[in-house]
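Residues per chain, in single letters:
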Amino acid sequence: MEPILSVRDLTIEYAARRGKVRAIRSVSFDVRRGEALALIGESGSGKTTLGLGIVQLLPSTARIAGGSIVYRRYSDTGQPMRETEVLTLKDADLRRFRWAECAMVFQSALNALNPVLRISDHFADTAKAHRYLSGPRQGAALTERSRHLLSRVRLDPDRVWRAFPHELSGGMRQRVLIALSLLLEPQLLILDEPTTALDILTQRNIMDVLKELRTQLDFSLVFISHDLSLAAELADRVATVYAGKIVEIGEVYTIFRNPHHPYTIGLIKAVPTLTSDKSELTSIPGSPPDLIELPSGCKFHPRCPLADDHCRREEPELIDVESGHRVACWRWQDARAVLKAYQV
Ligand SMILES: Nc1ncnc2c1ncn2[C@@H]1O[C@H](COP(=O)(O)OP(=O)(O)OP(=O)(O)O)[C@@H](O)[C@H]1O
Ligand code: SF4
Ligand SMILES: [Mg+2]
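Being a predicted model, the structure only gives us computed values, none of them experimental.

Caption draft 1: Spatial organisation of the pattern of salt bridges. Taken as a whole, this structure holds 23 salt bridges when the rule is applied. Across the pair aspartate 158 and arginine 147 runs a salt bridge, and its minimum N-O distance is 2.4 Å. Taken as a pair, aspartate 158 in helix α5 (residues 157-160) and arginine 147 in helix α4 (residues 138-152) lie far apart in primary sequence, 11 residues in all. Its salt-bridge partner being arginine 326, residue aspartate 320 comes within 3.3 Å of it at the nearest N-O pair. Among the residues examined, arginine 326 registers a relative accessible area of 31% and is labelled partly exposed. Where salt bridges share partners, they join Arg73, Arg82, Arg96 and Glu101 into one cluster.

Caption draft 2: Geometry of the site of ligand 1. Of all residues adjacent to ligand 1, which total 16 residues, the nearest are Ser43, Lys47, Thr48, Thr49 and Gln107. Here an oxygen atom of ligand 1 and a backbone polar atom of glycine 46 are 3.0 Å apart. For ligand 1, the accessible surface in isolation is 640 Å², of which the surrounding protein chains cover 69%. Listing elements by their share of the shell around ligand 1, those giving two or more residues are β2 (19-32) and α1 (47-54). Considering each element in turn, the shell around ligand 1 owes the most residues, 3 residues, to α1. Among the residues forming the shell around ligand 1, the class breakdown is 5 nonpolar, 8 polar and 3 charged.

Caption draft 3: Here's a closer look at the site of ligand 2. Surrounding ligand 2, one finds 13 residues, the nearest of these being Cys298, Cys304, Cys311, Cys329 and Trp330. With respect to the detected pockets, ligand 2 is housed in the largest cavity. Tallied by class, residues from the shell around ligand 2 come to 10 nonpolar, 2 polar and 1 charged.

Caption draft 4: Fine view of the coordination of the magnesium ion (ligand 3). Protein-derived ligands of the magnesium ion (ligand 3) are Thr48 (OG1) and Gln107 (OE1), with the metal-ligand distances lying across 1.9 to 2.3 Å. Residue threonine 48 is found in helix α1, and its partner glutamine 107 is found in the loop between β6 (102-105) and α3 (119-129); the two are separated by 59 residues along the sequence. Under the relative-accessibility criterion, threonine 48 is labelled partly exposed at 27%. On the accessibility criterion, glutamine 107 (45% relative accessible area) is partly exposed.

Caption draft 5: Expanded view of the side chain of threonine 126. With respect to the helices and strands, threonine 126 occurs in helix α3. Judged by its relative accessible area of 11%, threonine 126 is buried. Here the side chain of threonine 126 touches histidine 122 through a polar contact of 2.7 Å, landing on its backbone oxygen. The residues contacting threonine 126, other than those within four sequence positions of it, are Trp99, Leu180, Leu183 and Leu184.

Caption draft 6: Layout of the domain arrangement of the chain. What the domain assignment reports for the chain is domain 1 (3-235) and domain 2 (258-342). Computed from C-alpha coordinates alone, the two centres of domain 1 and domain 2 are separated by 30 Å. Listed as interface residues are 12 residues of domain 1 and, on the opposing side, 13 residues of domain 2. Taken together, domain 1 and domain 2 are joined by 3 salt bridges. Glutamate 315 is paired through a salt bridge with arginine 25; the nearest N and O atoms lie 2.9 Å apart. Linking domain 1 with domain 2 are 5 residue pairs in polar contact (both at pLDDT 80 or more), by the criterion used here. In terms of residues, the side of domain 1 that touches domain 2 owes the most to one element, β2, which gives 6 residues.

About the cut-offs
- Residues numbered from 1 in each chain as written.
- Chains lettered and ligands numbered in written order.
- Predicted model: local features only at pLDDT ≥ 70, side-chain atom pairs only at ≥ 80, totals over all residues.
- Heavy atoms only, no water.
- Salt bridge = Lys/Arg side-chain N within 4 Å of Asp/Glu carboxyl O.
- Helix = DSSP H or I, 4+ residues; strand = E, 2+ residues; numbered from the N terminus.
- Buried < 20%, exposed > 50% of the residue type's maximum accessible area, 1.4 Å probe, protein only.
- Near = heavy atom within 4 Å.
- Polar contact = N/O pair within 3.5 Å; in protein donor to acceptor, adjacent residues only side chain to side chain.
- Areas by Shrake-Rupley, 256 points an atom, 1.4 Å probe, with all protein chains shown as cover.
- Nonpolar A, V, L, I, M, F, W, Y, C, P; charged D, E, K, R; others polar.
- 1 Å grid on protein atoms, 1.4 Å probe; cavity = no way out; pocket = protein on both sides within 12 Å on 5 of 7 lines; lining within 4 Å.
- Sits in = over half its atoms within 2 Å of the grid points.
- Donors = N, O, S within 2.8 Å, 3.2 Å for Na, K, Ca; no water.
- Contact = heavy atoms within 4.5 Å.
- Domains from an automatic or database assignment.

In structure tokens form, the structure reads like this:
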């Protein structure tokens with residue numbers, strides 16, 4: 001499948017009082033047309049920074065220290081139309097890219113709606129800001145499309161359209177935001193922890209909506225989460241992120257059935273399942289590294305039961321271990337041996 005986004009050697013740093021936070025370190029990956037790619041990892045591993053870097057909405061303390069992000073637009077019939085280097089986009093072009101090509105729903109999205117505006121105004125403002133559907137029939141067409149999107153995310157347009165955000169539940173607001181992000185028909189949608197603040201039933205509902213939307217509408221998805229079970233449900237491919245780097249990436253089935261990085265194995269084995277015995281549950285020892293003073297060599301070595309001198313000395317790069325499955329670990333062939341060491 002053709003890539004719509006190619007991220008290469010992307011490096012992002014934050015300036016903090018204590019020094020330089022190396023949040024994303026030379027990350028490379030593709031997002032393919034129509035696929036859902038899940039980025040998973042512990043808190044602070046750099047997932048949100050990566051998403052914000054793609055849509056160029058990083059805070060002013062952040063700096064892109066290197067790399068490139070190439071976005072490719074395809075026609076409705078799947079023909080490649082044009083290529084854009086996102087990092088060089090400015091002003092109107094960048095604003096257009098952000099909504100019409102690639103939209104992001106933020107991690108703290110539940111507070112993202114303006115409390116004094118009705119839901120209808122949010123759709124109208126977004127359309128106006130991006131000159132979407134200009135012309136004499138703009139109002140009617142916009143209302144029709146917006147209400148259609150609201151019903152796609154399983155909201156009753158009659159109930160929601162004139163409502164203020166405070167009149168809606170958290171799950172309803174999250175669904176409004178997903179509908180709003182799809183207004184300008186982006187090719188790529190980035191969802192940062194879309195269900196985290198929600199109860200389990202509402203979470204279920206949002207997941208069903210996302211699955212439905214993916215079959216009905218033609219967009220690629222980057223799904224950021226620390227919840228592996230949600231990633232497994234929605235994603236075609238999964239990438240695990242550790243200390244600002246992708247350490248393993250592959251088809252969802254491969255990553256869950258045959259993981260090769262000790263960190264990925266630790267993440268998977270820490271998730272309880274209905275059929276797993278309590279004694280099968282494991283946890284990764286230690287905590288994520290300080291991104292200002294990173295360990296030498298492989299950044300996972302202080303927590304890895306397999307770490308040896310080579311690991312402590314030199315950082316491994318992602319290599320192909322089988323078709324479409326890439327791992328950054330010197331000892332990927334022995335990785336299953338870590339299971340015993342993780343046992344709780
Ligand atoms: N504005 C900032 N200034 C300085 N450091 C920051 C800033 N934002 C994030 N960081 C640091 O960058 C690193 C990556 O943060 P990021 O928010 O991308 O992680 P995350 O994987 O999304 O975590 P979570 O799962 O908790 O959302 C963390 O160490 C964090 O402390
Ligand atoms: S490179 Fe070494 S320390 Fe890093 S994950 Fe692999 S075995 Fe562990
Ligand atoms: Mg985050």
